[in-house]
Amino acid sequence: TFQRWCHRRLGVGFSIWRGRWNVPFNPLPYPCEYVVGVGKPIDTRKHRGMEDRERAIEEVMELYIEEVRRLFKELQEDTGRRKDVVLEIERLKSRQQRGLVNPKGKKAE
C-alpha cells in the first residue's frame, strides 16, 4: 500500500482517513457517534538511558499496544459496542529488523 511504501522509503508512518462521501482526507466526518477513550499513562522511566535503544523502543511499543488493546476491550464492553468488531494492529519491522541500525543502536554502515 501507499502507507507501507512511504514508511519503507521515508521512514515515516501516517494515517489515511476517509470522510463524508468517501473522499480521502475529507475534514467532514461521517455523521455518527464517536467514542473517545484515554488510557493509563505508560511509565517509560526504566527505559531511559538503556544501552540498547532499539530494545527500549520495542519494549515501550509493546506496553503501548497492550494498553491500546486493553482500552479497546474496556470501551467495547462499557459502551455496548458490537462484539464482532476486532482491533487489528499491524506492526512494521523495526529499524534494527530492517538492518538500518546494528543491535547496539548505532547506524549501520
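Described in the following lines is the structure provided in the data block. (Residues numbered from 1 in each chain as written. Predicted model: local features only at pLDDT ≥ 70, side-chain atom pairs only at ≥ 80, totals over all residues. Heavy atoms only, no water.)

Considerations on the overall build of the protein chain
- On a plain count of helices and strands, the protein chain comes out with two helices and zero strands.
- Against the 2.2 N^0.38 benchmark of 13 Å for 109 residues, the protein chain shows a C-alpha radius of gyration of 18 Å, more extended than a compact globule.
- Seen through its principal axes, the protein chain has C-alpha atoms that stretch 50 × 30 × 25 Å.
- Within the protein chain, contacts between residues separated by at least 24 positions form 35% of all contacts whose residues are at least 6 apart in sequence.
- For the protein chain, the computed accessible surface area is about 9500 Å², with 55% contributed by carbon and sulfur atoms.
- Here the protein chain contributes 24 positive and 17 negative side-chain charges, whose respective centroids are spaced 5 Å apart. (Helix = DSSP H or I, 4+ residues; strand = E, 2+ residues; numbered from the N terminus. Rg over C-alpha atoms; globule rule 2.2 N^0.38 Å. Contact = heavy atoms within 4.5 Å. Areas by Shrake-Rupley, 256 points an atom, 1.4 Å probe, with all protein chains shown as cover. Lys, Arg positive; Asp, Glu negative; His and termini not counted. Charge placed at Lys NZ, Arg CZ, Asp CG, Glu CD.)

Details of the layout of surface pockets
- Considering only enclosed or pocket space, the largest pocket measures out at about 390 Å³ in volume.
- The wall of the largest pocket is formed by 14 residues, among which M61, I65, E90, R91 and L92 lie closest to the centre.
- For the lining of the largest pocket, the per-class residue count stands at seven nonpolar, one polar and six charged.
- Contributing to the lining of the second largest pocket are V35, G37, V68, L71, F72, L75, Q76, T79, R81, R82 and V85.
- Across the lining of the second largest pocket, the residue classes tally to six nonpolar, three polar and two charged. (1 Å grid on protein atoms, 1.4 Å probe; cavity = no way out; pocket = protein on both sides within 12 Å on 5 of 7 lines; lining within 4 Å. Points joined across faces, edges and corners; volume = space filled by probe spheres on them. Nonpolar A, V, L, I, M, F, W, Y, C, P; charged D, E, K, R; others polar.)

Things to note about the environment of G11
- Within the element layout of this structure, G11 appears in the loop between helix 1 (2-10) and helix 2 (53-78).
- Along the sequence, G11 and R95 sit 84 residues apart, while their C-alpha atoms lie 8.8 Å from each other.

Let's talk about the pattern of salt bridges
- Counted according to the given criterion, the structure contains eight salt bridges.
- The salt bridge partner of E58 is R91, with a shortest N-O separation of 2.6 Å. In this pair, E58 sits in helix 2 while R91 sits in the segment after helix 2, placing the two residues 33 residues apart along the sequence.
- You can call E58 partly exposed: its relative accessible area is 25%.
- Two residues, D84 and R82, come together in a salt bridge whose shortest N-O distance is 3.0 Å.
- Residue D84 is classed as exposed on the basis of its relative accessible area, which comes to 53%. (Salt bridge = Lys/Arg side-chain N within 4 Å of Asp/Glu carboxyl O. Buried < 20%, exposed > 50% of the residue type's maximum accessible area, 1.4 Å probe, protein only.)

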